[in-house]
Amino acid sequence: MEPLKIGKYEFSSRLITGTGKAVPYPLMRQCIDAAGAELVTVAMRRIPKDEPAGMTLLDNLTGLNLLPNTALCFTAKDAILTAQLAREALQTDLIKLEVIGDQDTLYPDNEELLIAARELVKDGFTLMPYCIDDPIICRKLEDLGCAAVMPLAAPIGSGQGIRNITNLQIIIEKANIPVIVDAGVGTASDAVIAMELGASAVLMQTAIYGAKQPVRMAQAMKLAIHSGYLAARAGRMPKKLYATASSPETGLVEAR
Amino acid sequence: MRIVVNGQDYQTEARTAADLLQELQAPETGTAMALDGEVVRRSQLSQTTLPEGSKIEIVRAVQGG
């Protein structure tokens, strides 16, 4: 695979993973390594009053690139401060920008997202906004100077797979920056489809950590990304309504 | 002096942002602080004094997707 280029960064893996939610650190790390991910998301939260000493999350993510998110921020203001805190805490300008509009769907709030994106691009961030699978919002985010767009396949954590293939196809065709399918992937075939459509990468969390055997699913996802990437570039055969024999039609045996 | 740390009232002896992080035993790496909505750069922590009643946010990375 060619490297994935996001702004000034390059990655050889096209699978970006989350770091689990309350998944034990050793299992988390096994999954990340099985997926071959080089870029992993983390959330930013207030420090608790009494945190027990021991291995921290960051101790378990050595050698990986961090992609801090602004998950569950409901206003541009909160997302901007969270992003700026993440940059200072983790010394990276990469941000997965999320501005959520509704608790049940976790769909992005387009208006707030654009406000936050404008501000953070101006502030020098390499911005990767999570957005709805709408070609117009993706175009606006690109015009603002985002480094990538991350349209959802389906609601976060739903595992429904790609709900609107044609929209995703249009987004990918029109975009001049990487399109990373984020959220909603449930199993390996969903990741293959995203890559076959021409997505630059896929970001997933629950599809891996929510599987009965997360490490095995992480391996499956790694192969799926590679497989979809190759298929997209191989150029599929045209679809036909009727059958075409795949063995010679002459020289057949006659029993009578 | 009374300040607000992560949404909770907090009584502190700390004069600077660096003092407060030490008082809270917050690890220096992977942690960041905002004072009244503005991020305090790591290099500025010991020069940044905390006014009475200031609102502080202190965060670090946690698992997430």
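A brief look at the structure comes next. Note that this is a predicted model, so its numbers are computed, not measured.

Before going further, it helps to examine the sheet that holds strand β8 (residues 150-151) of chain A. All names here are of chain A. One open sheet accounts for 3 strands, arranged β6-β7-β8; its pairing is parallel. Looking along the sheet, the strands with just one partner apiece sit at the ends: β6 (94-97) and β8. Pairing between strand β7 (residues 126-131) and β8: 2 bridges, direction parallel. Across the sheet, residue Cys131 finds its bridge partner in β8, namely Pro151. Along the sheet, helix α3 (residues 110-122) makes contact with β6 and β7, crossing β7 at roughly 170 degrees.

Relative orientation and spacing of two packed helices are given, respectively, by the angle between their axes and the distance between those axes. Residue and element names in this part refer to chain A. Relative orientation of the contacting elements α3 and helix α4 (residues 135-144) amounts to 15 degrees, with a least axis distance of 9 Å. On the basis of their axis angle, the class for α3 and α4 is roughly parallel. In this structure, α3 meets α4 at a crossing whose hand is right-handed. Counting all contacts with α3, which are made through Asn110, Leu114, Ala117, Arg118 and Val121, the residues of α4 involved are Ile137, Lys140, Leu141 and Leu144. The residue makeup of the contact of α3 with α4, split by class, is 6 nonpolar, 1 polar and 2 charged.

Let us look at helix α2 (residues 76-90) of chain A. Residues that lie three or four places apart on an α-helix share one face, since the helix turns once every 3.6 residues. All names here are of chain A. Taking 1.5 Å of rise per residue, the 15 residues of α2 would be expected to cover 21 Å, and the 21 Å separating its terminal C-alpha atoms lies within 8% of that figure. The buried count for α2 comes to 12 of 15 residues, which makes it a mostly enclosed element. Every buried residue of α2 is listed here: Ala76, Ala79, Ile80, Leu81, Thr82, Ala83, Gln84, Leu85, Ala86, Arg87, Ala89 and Leu90. Once α2 ends, the next one or two residues include Gln91, with phi positive near 55 degrees.

We now examine the interface of chain B and chain A. With 19 residues of chain B in contact, the opposing surface of chain A contributes 28 residues. Counting residues per element, the ones that place at least two in the side of chain B that touches chain A are β3 (31-35) and β5 (55-63) of chain B. When the residues that make up the side of chain B that touches chain A are grouped by side-chain class, the tally is 8 nonpolar, 7 polar and 4 charged. Of the strand pairs in this sheet, strand β4 (residues 39-46) of chain A and β5(B) are connected by 5 bridges, and their pairing is antiparallel. Residue pairing in the sheet places Arg45(A) in a bridge with Arg60(B) of β5(B).

Turning our attention to the nonpolar core. Residues and elements named next belong to chain A. Counting residues in each nonpolar core, the largest one holds 94 residues, and the members touching the most others are Leu97, Met128, Ile180, Ala194, Val202 and Met221. The element best represented in this core is α2, accounting for 9 residues. Excluding anything up to four places from it in sequence, Met128 contacts Ile6, Leu94, Ile95, Lys96, Leu97, Cys146, Ala147, Ala148, Met150 and Ile180.

Calculation criteria
Residues numbered from 1 in each chain as written. Chains lettered and ligands numbered in written order. Predicted model: local features only at pLDDT ≥ 70, side-chain atom pairs only at ≥ 80, totals over all residues. Pairing = 2+ DSSP bridges. Helix = DSSP H or I, 4+ residues; strand = E, 2+ residues; numbered from the N terminus. Contact = placed C-beta atoms within 7 Å. Axes fitted to C-alpha atoms, helices over the stretch in contact; angles between N-to-C directions. Parallel < 35°, antiparallel > 145°, perpendicular 65-115°, else oblique. Left-handed = near helix turned anticlockwise from the far one by under 90°. Nonpolar A, V, L, I, M, F, W, Y, C, P; charged D, E, K, R; others polar. Expected span 1.5 Å × (residues − 1). Buried ≥ 20, exposed ≤ 12 C-beta atoms within 10 Å, placed from the backbone. Core = buried A, V, L, I, M, F, W, Y, C linked by C-beta atoms within 7 Å.

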